[in-house]
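Geometric and topological summary
Listed below are the residues making up each chain.
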Amino acid sequence: MSKEIYLDGNATTCVLPAAIDAAVQAMRDCFGNPSSTHATGLKAKAMMDAVRQRAKRLLGVGNGRIMFNSGATEGIQTAVLSALCALRERRERGEAIGALLVYGATEHKAVPEALAHWNRLLGLGLELKKLPVDGDGRHDLAALRALAPQAAFVCTMAANNETGVVSDLVGIGATLAASKALWMVDCVQGLGKLPLDLGNTRIDYAPFSGHKLYAPKGIGMLYVREGAPYTPLVMGGGQEAGLRSGTENMAGIAALGAVLAALEEGGTFRSPSELHGFRDKLAASLRAAFPGIVFNAPLDKALPTTLNFSVPGLSSKELLDVFDAANVRVSAGSACSAAKAAPSYVLDAMGLPAWRSSSAVRMSFGPLASEEIINEACARIERCGMALRDAGLMDTPVSGAVVPEGVLQLSLAGNHTWLLLDEPSRQCIVIDHQAELGERIDSLLHSHGYKLAARLSTRDGGETDSFAFGAHAVRRVALDSTRSAYLLCSGDKVDYAFTGLAALSELAGKVPADALVCAGREEVNACCTSLRAEAQASKASTELNLDSIALARLLEAQPQAVLVDVRETYEQAACIPGGRAAESVPLSRLAAFVPGWLAAVDQPPLVFFCRSGNRSAKAAQCLRRLGYRNAYSLAGGVALAAPELALAA
């Protein structure tokens, strides 16, 4: 497999080798409890105090305090609790505190969630108010100026995790100069990337997370300004001078100390000018690979380690899939919300068009990046662009690529649109067209030289009962007065039935038992089936999913087994050459290949694989239901495949 290029540094980073060594040394030689008064405990305490002093110097905290904790989420909770407890106490003393809890519209979700949680539990009844941002993603200082007189607590961030946009902390501080509001700044993305001199600001609280800068997960810090109110989140033995009870994470603190030492001493991390140069190289390759690309934040106002972009006509999933196939790790939005199929609330708050918000990709790297890694990343980015162009997804003429033909399935939000492609005549029929897929379909047809012959819907009665389509015929069958099914026929034989949302039970007597039924929605059927298969379906006697060990055994015992890659053609093209030979059958074209597999006299084992195992499981389940007993799926996909299998990725 090709070397992984990791460009998701804003989500997390690898651990600095020196940090690993420091953690191991702490566990081996400095394992004492820093609260103990014997020599072993004193040795541990000295190490912890040294790391704390280094953090104070680096962050310029002055007389402020640094508390070690588990990370930024805990730091945010502690800061919010401290501020809101102080506000309640002030109000109980009869002091005016303001009625608003103000937070930036692009804040990490941990902030508004914490504000709402503690506001409710403490019974304050204050109003949560979003502070708008401008089109560049920076806080609207005029709006803040208007809110400041009523603000009780203000939460902003040093740099945004999705876009990398750097906040105008000086401007925010000046705007709040006359306000009594407490102020928290999420500095998670700022450590090691921005100059921080916290003691010379009016910032009251600043949380940090070690794993964003080459320390392990589970270690972080919270800065508290001298005189700022404080309420412990965790009570107990009084560790951390009573600020946070619980025996300290000495291995994590030692590892964080090694990272801070690298920052303070220099020579380990890249300079800002080098990081800007790396980002410019990546941006240039992205522009070359994806004509029409739009960067969602101005580069001159963002961290030099972050790019956020959208490509017209391409979804974030398609971009993530093709990058992942090339072993380039990027993300859609923030890692905490990337699993949710929703537009970016950060880009929405910036007022960007919906298509940019819903298809955005974030590419981020850390200050350990090297020129070699960036150059290789650029080469793979351009390879990904070529793969997408050759697949017909970028509305450019395709030359030399395989021309799609037969049945093609396009799915969106669980709904299926089916394309019938006749290569000799270059004609296409679209069944159950979805408007959101219109641009994709137009690009595909234009790129491969197809013309739209008809657009059919199973959700109406239809007007034509039968018409020729190349060497085939298409026949309409009425299911009731408002719904139809369409049959694709070769002579007298019905090969496929496109049935829309009709339940399989409604098709009896209207669709031949052996025709492949292609439904219009996922819950009816993910790929295809037949009425005969459904009637005879029984629980499979053998396990469908194979882990890498079981797959290796199967390939050894049955060398005739066929590996089938169900990733899309652009994902396969983006892979670095090498690995075991596999048959290319994208899941979107599975229905076109099913008849040939079922008709084979000697049915060898088919082992489907994809990136994560989801698509391959659908393919294997489809074949199993149709009676192909030796169909399997590689559990976890190529992401978890053992190196010795050498599947292309």
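What you see is a predicted model, and the numbers here were worked out from it, not measured in a lab. (Residues numbered from 1 in each chain as written. Predicted model: local features only at pLDDT ≥ 70, side-chain atom pairs only at ≥ 80, totals over all residues. Heavy atoms only, no water.)

**Considering the overall build of the protein chain**
A count of helices and strands for the protein chain gives 19 helices and 26 strands. Structurally, the protein chain occupies a C-alpha span of about 90 × 55 × 45 Å along its principal axes. Out of the 649 residues in the protein chain, the part that is buried amounts to 54%. Excluding contacts between residues fewer than 6 apart, the proportion of contacts in the protein chain whose partners are at least 24 apart in sequence is 66%. Accessible surface, the protein chain as shown: approximately 27100 Å² in total, 53% of it carbon and sulfur. Here the protein chain carries 62 positive and 65 negative side-chain charges, and the mean point of each set is 4 Å from the other. (Helix = DSSP H or I, 4+ residues; strand = E, 2+ residues; numbered from the N terminus. Buried < 20%, exposed > 50% of the residue type's maximum accessible area, 1.4 Å probe, protein only. Contact = heavy atoms within 4.5 Å. Areas by Shrake-Rupley, 256 points an atom, 1.4 Å probe, with all protein chains shown as cover. Lys, Arg positive; Asp, Glu negative; His and termini not counted. Charge placed at Lys NZ, Arg CZ, Asp CG, Glu CD.)

**Observations concerning the sheet that holds strand E26 (residues 631–634)**
Taken in spatial order, the 5 strands make up an open sheet running E22-E26-E25-E23-E24, and their pairing is parallel. The sheet is open, and its two edges are formed by strand E22 (545–546) and strand E24 (583–584), each paired on a single side. As judged from the 3 bridges shared by strand E25 (residues 606–609) and E26, these two strands associate in the parallel manner. The residue of E26 that forms the bridge with phenylalanine 608 is serine 633. (Pairing = 2+ DSSP bridges.)

**Details of the nonpolar core**
By size, the foremost hydrophobic cluster in this structure holds 54 residues, and its most contacted members are Met47, Leu59, Val154, Phe208, Met221, Ile253 and Val259. With 10 residues, the top contributor of residues to this core is helix H7 (residues 250–265). Residue contacts for valine 154: discarding those within four places in its chain leaves Val102, Leu144, Leu176, Ala181, Leu182, Trp183 and Met184. Leu275, Leu286, Val322 and Leu393 belong to the second-largest nonpolar core, a separate cluster that totals 39 residues. (Core = buried A, V, L, I, M, F, W, Y, C linked by side-chain atoms within 4.5 Å.)

**Regarding the pattern of salt bridges**
Counted according to the given criterion, the structure contains 32 salt bridges. The partner of arginine 440 in a salt bridge is glutamate 318, with the nearest N and O atoms 2.2 Å apart. Separated by 122 residues along the polypeptide, arginine 440 in helix H13 (residues 438–448) and glutamate 318 in helix H9 (residues 316–325) bring together distant segments of the chain. Glutamate 318 carries the same exposure label as arginine 440, and that label is buried. Note that arginine 611 and aspartate 321 form a salt bridge whose closest N and O atoms lie 3.3 Å from each other. Of this pair, arginine 611 sits in the loop between E25 and helix H18 (614–625) while aspartate 321 is found in helix H9, placing the two residues 290 residues apart along the sequence. (Salt bridge = Lys/Arg side-chain N within 4 Å of Asp/Glu carboxyl O.)

**Topic: the environment of glycine 62**
By the element assignment, glycine 62 lies in the loop between helix H2 (39–59) and strand E2 (65–69). In the structure, glycine 62 is positioned 164 residues away from glutamate 226 in sequence and 8.4 Å away in space, judged by C-alpha atoms.

**Here we look at unusual backbone geometry**
You will see that arginine 426, though not glycine, has its phi angle at about 55 degrees, which is positive. As for its placement among the helices and strands, arginine 426 is situated in the loop between strand E14 (415–422) and strand E15 (427–431).

**Observations concerning the pairing of E15**
Counting buried positions along E15 gives 4 out of 5 residues, so the element sits mostly inside the fold. As defined by bridge partners, E14 adjoins E15 across 5 bridges and the pair is classed as antiparallel. In the sheet register, leucine 420 faces E15, and the bridge partner there is isoleucine 429. Sheet analysis places E15 next to strand E16 (residues 451–456), joined by 5 bridges and oriented parallel. The residue of E16 that forms the bridge with valine 430 is arginine 455. Handedness of the E15-H13-E16 crossover: right-handed. (Right-handed = clockwise from strand over helix to strand, strands pointing away.)

**Topic: the packing of aromatic side chains**
Considering all chains together, one arrives at 9 aromatic pairs under this definition. Geometrically, the ring pair formed by phenylalanine 593 and tryptophan 597 is tilted, given 6.0 Å between the ring centres and 35 degrees between the ring planes. Highlighted residues: phenylalanine 593 and tryptophan 597, both in helix H17 (residues 590–599), separated by 4 residues, approximately one helical turn. Counting every residue linked through ring pairs, the aromatic cluster contains Trp418, Tyr496 and Phe498. Stacked on the ring of tyrosine 230, the Lys or Arg arginine 65 has its end atom at 5.5 Å from the ring centre. Lysine 109 extends its terminal NZ or CZ atom over the ring of tyrosine 345, reaching a point 4.1 Å from the ring centre. (Phe/Tyr/Trp six-rings, centres within 6.5 Å; stacked < 30°, edge-to-face > 60°. Lys NZ or Arg CZ within 6 Å of the ring centre and 35° of its normal.)

Just distances and angles here, no functional claims.
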